[in-house]
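Residue-level listing of the chains:
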2 protein chains.
Amino acid sequence: MELMERTLSRREIYDGRVVRLHVDEVALPNGKTSVREVIEHPGGVCILALDDENRAALVRQYRYVFSRVMTELPAGKREAGEAPEVTARRELWEEVGARASEWTDLGTMIPSPGCYGETLYLYLARGLTFGEQHLDPDEFLNVDWMPLEELAEKCLSGQIRDAKTVVAVLKARALLG
Amino acid sequence: MELMERTLSRREIYDGRVVRLHVDEVALPNGKTSVREVIEHPGGVCILALDDENRAALVRQYRYVFSRVMTELPAGKREAGEAPEVTARRELWEEVGARASEWTDLGTMIPSPGCYGETLYLYLARGLTFGEQHLDPDEFLNVDWMPLEELAEKCLSGQIRDAKTVVAVLKARALLG
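A. A look at the state of the cysteines. Residues and elements named next belong to chain B. A complete count under the given rule lists 0 disulfides over all chains for this structure. With no disulfide of its own, Cys-46 lies 10 Å from the sulfur of Cys-155, the closest cysteine sulfur. Taking the relative accessible area as the measure of exposure, Cys-46 reaches 0% and is therefore buried. When its relative accessible area of 0% is taken as the criterion, Cys-155 is described as buried.

Here it is in structure tokens:
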């Protein structure tokens, strides 16, 4: 069966600071019509940064949408036209105050393909040297360090539930053996 | 440092079929203000269903937001007030036409905590018996079966990029050994 859906019309709803929303009428494979809600997002990166003792950098920050502090790997949005490797170096510097000499591609991830147009590029960063955090004016986060094995256990047990963190940690663990 | 952000005002933008969008002015930890874009989503479930030969059910469907067919585990949105275990049984029946006698909790996952309020409940389903698909009128998807080890390799190699699929498969693989 041909699965494609064809755009018939588009209604622009919102164009904001991070996301854009439009609602499309589409033609379905059977010729009938339906509605698709599309949230556009610039995409971003996520970095598993390991120090020389195999400890991972974690950021704790208030996630307003979930009304709680969450523990995640460092991450951030791509700026317009920015290559993901550049975003990754920038975010590691801004959030952790670290630079890495060795970068390994951990692939891309689509957080929620139904409505949300975000794609994340995942990286493993090693060979760290340290400076200071350089946070955005509206960004508040604390950095912790945790042994990779302990972090992997927290991902498997469900204590850490952020998708990008679980995916990057379990992929890196398989890679590093 | 106290990381909490406090709501000052809210602007409702959109209330649609799947998502709702509101934009809030918030007080930051340093007393300044910023804007948070919040997409509310009913949340859902994702099911790793294994048959007696350890093959996993996969669904291939057109993902309009990404303009392509994607391969994912069966999944679906929670209806209002529905317990996630009930959603999981319903979605496995609708998408795959299967019932399972053995359900194992694989924990919850937050796909994208920055702006997107979706939480997913992940399950492993075994002891399958089969009937027919019962799709929604605007749902078109094909079901494939793939050995779990092959599926795990595709998650690790990056051929499969859907977050819920990667997380459920790698968690189940660690659980099953």
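Next comes the rest of the write-up.
B. Expanded view of the domain arrangement of chain A. Residues and elements named next belong to chain A. Splitting chain A by domain gives domain 1 (6–40) and domain 2 (44–176). Measuring from the centre of the C-alpha atoms in domain 1 to the corresponding centre in domain 2 gives 31 Å. Each partner contributes residues to the interface: domain 1 has 6 residues there, and domain 2 has 5 residues. In total, about 440 Å² of surface goes out of reach between domain 1 and domain 2, with carbon and sulfur atoms giving 54% of it. Area buried by domain 1 at its contact with domain 2 is led by Val-18, Glu-37 and Ile-39, which between them contribute 73% of it. Taken together, the connections running from domain 1 to domain 2 amount to 1 salt bridge. For the salt bridge of Asp-138 with Arg-17, the shortest nitrogen-to-oxygen distance reads 3.1 Å. Where domain 1 packs against domain 2, one counts 3 residue pairs in polar contact (both at pLDDT 80 or more).

C. Structural context of the side chain of Arg-90 of chain A. By the secondary structure assignment, Arg-90 of chain A is in helix H1 (residues 84–96). Overall, Arg-90 of chain A belongs to the buried group, its relative accessible area being 18%.

D. Highlighting the interface of chain B and chain A. Residue-level contacts link 66 residues of chain B with 66 residues of chain A. Here chain B meets chain A over a buried area of about 5700 Å², counting both sides, of which 66% is carbon and sulfur. On inspection of chain B and its partner chain A, the count reaches 2 salt bridges. In this structure, the salt-bridge partner of Asp-138 of chain A is Arg-36 of chain B, at a minimum N-O distance of 3.5 Å. There are 28 residue pairs in polar contact (both at pLDDT 80 or more) connecting chain B and chain A. Element by element, the count of residues in the side of chain B that touches chain A is highest for helix H3 (residues 163–176) of chain B, at 7 residues.

E. The arrangement of the sheet that holds strand S1 (residues 6–15) of chain A in detail. Residues and elements named next belong to chain A. One open sheet accounts for 3 strands, arranged S1-S2-S3; its pairing is antiparallel. In the strand order of this sheet, the two ends are held by S1 and strand S3 (33–40), each with one partner. Put simply, the sheet's adjacent strands are angled 20° from each other on average, direction ignored. Summarising the sheet, strand S2 (residues 20–27) and S3 pair through 8 bridges and their orientation is antiparallel. For Ala-27, the partnering residue across the bridge sits in S3 and is Thr-33.

F. Geometry of the sheet that holds strand S8 (residues 98–109) of chain B. Residues and elements named next belong to chain B. Reading across from one edge, S7-S4-S9-S8 is the order of the 4 strands in this open sheet, with mixed pairing throughout. Two strands bound the open sheet, and with one partner strand each, they are strand S7 (75–77) and S8. The average angle at which neighbouring strand axes cross in this sheet is 25°, direction not considered. In terms of strand pairing, strand S4 (residues 44–49) meets strand S9 (residues 120–130) through 6 bridges, oriented parallel. Counterpart to Val-45 in the pairing with S9 is Tyr-121. Its contacts with the sheet place helix H1 (residues 84–96) against S4, S7, S8 and S9, and it is angled at close to 125° to S8.

G. Fine view of the packing of aromatic side chains. Residue and element names in this part refer to chain A. Going through the model one piece at a time under the given rule, you end up with 5 aromatic pairs over all chains. Measuring from centroid to centroid gives 5.6 Å for Phe-130 and Trp-145, while their planes differ by 80°, and the two rings are edge-to-face. Within this pair, whereas Phe-130 is found in strand S9 (residues 120–130), its partner Trp-145 is found in strand S10 (residues 141–147), the two being separated by 15 residues in sequence. Over the aromatic face of Trp-93 sits the side chain of Arg-99, whose NZ or CZ is 3.8 Å from the ring centroid.

H. Geometry of the relation of the copies chain B and chain A. Turning chain B through 180° and shifting it by 0.0 Å along the axis lays it on chain A, with an RMSD of 0.0 Å. Overall, the copies show the geometry of a two-fold rotation axis. Minimal C-alpha distance to the rotation axis in chain B is attained by Pro-111 of chain B, lying at 2.4 Å. Take the interface residues of chain B: 100% of them recur as interface residues in chain A, which is what a same-surface contact looks like.

I. Highlighting the environment of Asp-162 of chain B. With respect to the helices and strands, the residue Asp-162 of chain B is situated in the loop between helix H2 (148–157) and H3. Expressed as a C-alpha distance, the spacing of Asp-162 of chain B and Met-70 of chain B, which sit 92 residues apart in the sequence, is 8.1 Å. Filtering out sequence-adjacent residues up to four positions away, Asp-162 of chain B remains in contact with Ile-110 and Pro-113 of chain A together with Met-70, Thr-71 and Glu-72 of chain B. Only 2.9 Å separates the side chain of Asp-162 of chain B from the side chain of Lys-164 of chain B, close enough to count as a polar contact.

About the cut-offs
Residues numbered from 1 in each chain as written. Chains lettered and ligands numbered in written order. Predicted model: local features only at pLDDT ≥ 70, side-chain atom pairs only at ≥ 80, totals over all residues. Heavy atoms only, no water. Disulfide = S-S within 2.5 Å. Buried < 20%, exposed > 50% of the residue type's maximum accessible area, 1.4 Å probe, protein only. Domains from an automatic or database assignment. Contact = heavy atoms within 4.5 Å. Buried area = accessible area lost by both parts, 1.4 Å probe. Salt bridge = Lys/Arg side-chain N within 4 Å of Asp/Glu carboxyl O. Polar contact = N/O pair within 3.5 Å; in protein donor to acceptor, adjacent residues only side chain to side chain. Helix = DSSP H or I, 4+ residues; strand = E, 2+ residues; numbered from the N terminus. Pairing = 2+ DSSP bridges. Axes fitted to C-alpha atoms, helices over the stretch in contact; angles between N-to-C directions. Phe/Tyr/Trp six-rings, centres within 6.5 Å; stacked < 30°, edge-to-face > 60°. Lys NZ or Arg CZ within 6 Å of the ring centre and 35° of its normal. Least-squares fit on C-alpha atoms with pLDDT ≥ 70 in both.

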